Structures are given as C-alpha cells and as structure tokens.
Amino acid sequence: MPPADPVSAPAQRRGPGLRVRLTLLATGLVAVVAVTLVWLGWMLVGEVAASVPQLPPDTPVLVDGVRVPAGELADALGKSARVEVLRVGSVAFAMVVVAAALVSWVLVRRVLRPLHEVTATARRLSAESLDARIGVTGPRDEVAELAATFDAMLDRLQSAFDAQTRFVANASHELRTPLAVMRTEVDVTLADPDADPAELRRMAEVVREATRRAEHLVAGLLLLARTEATEVVPREPVDLAETVPGALDAVRAEARDRGLRVTTDLAPAPVAGDAALLGRVAGNLVENAVRHNVEGGWLVVRTATDDGHAVLHVASSGPVVAPAMVAELFEPFRRGAGRTGSGTGLGLSIVRAVARAHAGRVAAEPVEGGGLAVTVTLPVRVGAQDPAASGV
C-alpha cells in the first residue's frame with residue numbers, strides 16, 4: 001500500500017489527547033489541594049489537643065473507652081484526633097479526587113467541543129464545500145472567538161474563490177472569440193486552392209486584429225490581477241490632473257473622428273500612489289467615455305479636491321444605462337446593455353481595483369438622456385494643500 005500523502009492526510013495523534021491531559025492536570029491540582037488540607041487538619045487537631053488544660057494527676061479519664069492517666073490526656077486526645085482526621089480525610093480525599101476527575105472530564109469536553117467542530121469543518125472543506133461553517137453559539141470566550149475567526153476566514157475564501165471562478169470562466173469565454181476568429185479565417189483561406197494575394201492579405205488583417213484584441217485582453221487581465229493582488233502600492237507624489245492630458249492624447253484622433261466635444265476642468269488633485277496605475281485609471285475612464293459614446297456627443301473631465309479627497313470625474317453622453325445595471329459595469333467583461341464600442345470589458349474593473357488599492361472608492365451614475373458619469377475619490381496626499389479648504 002502506498003504511503004499516505006503528507007499534505008492531504010491529517011496528522012496522526014501522538015500520546016494522550018488534550019482532553020485527557022487537561023483532565024489529569026485539573027485532577028492532579030485538586031489532589032494536591034486536598035492532601036494539603038488534610039495535612040493542615042492533621043496538624044491543627046494536634047495543636048488543639050496539646051492545648052487542653054492539665055487535670056489533677058488522680059483524675060480518671062476515658063478516651064475511646066480506654067482509661068488514660070490525666071497527665072497523658074493531651075497526647076491521647078491528639079493521637080485520637082489525628083487518627084480520626086486521617087480516616088475521614090482519606091475518604092473525603094478519594095471522593096474529591098473522583099469528583100474532580102469526572103467534573104473536569106465533562107467540562108473539558110464542553111470547552112473543547114468548538115475545537116472539534118473546527119477540525120471537523122476543516123476536514124470537510126473542499127473547493128465545492130466552502131459554504132460549511134462552524135456557527136458556535138454560547139459564551140463569547142476564546143474558543144468561540146477562534147471559531148468566529150475561522151468562519152470569517154471561510155467567508156473571505158469563499159468570496160475569493162467564487163470571484164476567481166467567475167473571472168476564469170469569463171476570461172476563457174472572451175479569449176475563445178479571437179482564437180475562433182483566427183482559426184476560422186485560416187481554415188477558410190487554406191480550404192480555397194484559388195486564394196489570391198488579396199484574399200491572403202484580407203485574412204492576415206483579420207488575424208492581426210484578432211491577435212491585437214487577444215493581446216489587449218491578456219494585458220488587461222494581467223493588470224487587473226496585479227492590482228487586485230497588491231496590498232501596498234508605492235507612495236510617490238502624483239497629481240490626478242497631470243494624468244488626464246496623456247489619456248486624452250491617446251483617444252484624441254478617435255474623439256475627433258466621432259465629432260465629440262471634449263471639455264476639461266483640471267484643478268490640482270495631489271495624491272500619493274503608483275503613477276502608472278493612477279494613469280491607467282484616467283486612461284480607462286477616458287477610453288470608455290469615447291468608445292461607448294454616440295456620434296457628435298460630449299465628454300467632460302474634471303479634477304479637484306473636496307473635503308480632504310482628490311476627485312477625478314469623467315462624464316459623457318452615450319446609450320441610456322439603467323440604474324440597476326450600473327453596479328454590474330464594474331464586473332469583469334460587463335459592458336452593459338446597449339453600450340457600444342470595442343474593448344475588453346475590463347476598464348471599470350481595473351479602475352475599481354486601483355481605487356481600492358489606494359484606499360479610495362469609485363462610484364458611477366447614469367446621465368439623464370443617456371451616458372455615464374464616473375467619479376474616483378482618493379485621499380489627498382499628506383502635506384499637500386487643499387485649495388478648497390484654503391479658499392483658493
């Protein structure tokens with residue numbers, strides 16, 4: 001029989017369990033206390049007997065039916081009392097130790113029950129059963145706190161696993177489209193023995209466009225994964241107003257071809273963070289505003305500071321967006337019903353991930369008559385002057 005996998009197999013218990021050890025410890029402590037009390041009682045009765053007043057020598061005294069000379073009364077009383085203490089104390093000692101062992105065994109079992117539930121739950125867990133929870137009820141002691149922490153960890157793991165599953169499924173679906181286009185074009189062209197150079201050129205252009213789309217999709221996936229996995233971003237000075245011109249330059253030709261009216265109001269908005277990621281925020285918002293716009297529409301980009309926060313606001317005309325659909329636009333590969341234009345569907349997902357990595361937030365709302373307004377709010381860089389607060 002092959003040896004068990006050391007990673008998946010539970011660790012084998014060696015020696016007595018925690019319940020047995022705690023029970024023995026508690027019983028041992030009670031036994032020590034009981035022995036100490038018996039010894040103290042034995043000493044005490046001896047001292048009390050020694051302090052009995054002396055009687056005249058000729059006084060007859062009976063101790064346990066035995067005639068004892070009056071001069072030896074104290075010693076006789078002391079020996080008799082100590083024997084009685086030892087006899088009663090031995091019985092009491094045995095009863096106390098047995099009771100302590102039983103009580104300790106029961107109480108330790110109740111105390112350790114949540115730990116057994118944690119172990120059982122951990123053994124049941126798998127990728128398909130992350131919904132298992134301990135749900136300890138009762139006093140909020142250390143063990144219950146451990147169980148609650150374990151449940152909270154499972155909540156985070158399940159959320160992350162569900163998001164990863166959805167993300168992988170969506171990414172696979174999106175990547176399948178350009179790959180299918182390339183394979184179809186190549187198969188059709190190869191199946192035509194009379195294909196001329198013009199047909200081959202057309203096929204090459206289609207394959208090139210599909211390759212470009214797949215490349216952009218992979219780049220967006222890598223950026224999103226990098227941003228979501230970032231716990232600490234660089235804290236270099238960045239002005240959100242300075243990220244906008246570069247973003248507008250990248251789409252200026254497309255905006256001009258579609259007849260869009262672009263308006264900017266760029267006030268200083270100093271923050272601390274990763275310049276490349278923050279530049280991608282402005283770039284994604286402006287690209288979305290242009291690509292999902294309507295012919296002859298408008299686009300407004302504004303930066304400012306407000307109540308200790310730097311604000312980047314991008315609003316544009318476009319198709320009508322239902323308020324209930326706004327939250328879905330921040331999910332990967334969600335473009336929204338009626339939204340047009342090319343793209344990977346990762347733009348707003350990346351914006352949200354970057355904002356969270358910089359301790360900020362992002363919100364969107366539909367524009368009356370059609371379009372979308374997105375506002376990114378980030379903490380103002382420490383030490384930077386807030387013009388709104390200073391009255392400038």
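Residues numbered from 1 in each chain as written. Predicted model: local features only at pLDDT ≥ 70, side-chain atom pairs only at ≥ 80, totals over all residues. Heavy atoms only, no water.

All right, on to unusual backbone geometry then. Notably, Asp307 is not glycine yet its phi reads approximately 55 degrees, a positive angle. Of the residues examined, Asp307 reaches a relative accessible area of 65% and is grouped as exposed. (Buried < 20%, exposed > 50% of the residue type's maximum accessible area, 1.4 Å probe, protein only.)

Turning to the confidence of the model for the protein, a few remarks are in order. Confidence in the prediction of the protein, expressed as mean pLDDT, is 78, and 73% of residues score 70 or more. Counted against residues more than four places away or in other chains, residues 337–341, with its pLDDT under 50, gives 13 contacts. (pLDDT = per-residue confidence, 0-100. Contact = heavy atoms within 4.5 Å.)

Taken together, the 5 strands give an open sheet; going across it, the order is 4-6-7-9-8, and neighbouring strands pair in mixed fashion. Each edge of the open sheet carries a strand with a single partner, namely strand 4 (261–266) and strand 8 (361–366). On average, each strand axis in the sheet is inclined to that of its neighbour by 10 degrees, with strand direction left out of account. Alignment of strand 7 (residues 309–316) against strand 9 (residues 372–379), held across 8 bridges, turns out to be antiparallel. Within the sheet, the bridge partner assigned to His309 lies in strand 9 and is Pro379. The sheet strands contacting helix 6 (residues 275–291) are strand 6 (298–306), strand 7 and strand 9, and the helix crosses strand 7 at an angle near 20 degrees. (Pairing = 2+ DSSP bridges. Helix = DSSP H or I, 4+ residues; strand = E, 2+ residues; numbered from the N terminus. Axes fitted to C-alpha atoms, helices over the stretch in contact; angles between N-to-C directions.)

Take the packing of helix 5 (residues 240–257) against helix 6 next. It is the contact of helix 5 with helix 6, at a shortest axis distance of 8 Å, that shows an interaxial angle of 25 degrees. The angle between helix 5 and helix 6 places the two elements in the roughly parallel class. Seen from above, helix 5 lies across helix 6 with right-handed handedness. Across the interface between the two elements, Thr243, Ala247, Leu248, Val251, Glu254 and Ala255 from helix 5 touch Leu278, Gly279, Ala282, Gly283, Val286, Glu287, Val290 and Arg291 from helix 6. Across the contact of helix 5 with helix 6, the residue classes tally to 8 nonpolar, 3 polar and 3 charged. (Parallel < 35°, antiparallel > 145°, perpendicular 65-115°, else oblique. Left-handed = near helix turned anticlockwise from the far one by under 90°. Nonpolar A, V, L, I, M, F, W, Y, C, P; charged D, E, K, R; others polar.)

Note that Ser104 resides in helix 2 (residues 73–124). Other than its neighbours up to four places away in sequence, Ser104 contacts Thr23, Ala26 and Thr27.

The next subject is the environment of Met203. Among the structural elements, Met203 can be located in helix 4 (residues 197–228). Judged by relative accessible area, which is 16%, Met203 ranks as buried. In the structure, Met203 is positioned 19 residues away from Thr184 in sequence and 9.7 Å away in space, judged by C-alpha atoms. With residues near it in sequence (within four places) discarded, Met203 still touches Glu185, Val186 and Thr189.

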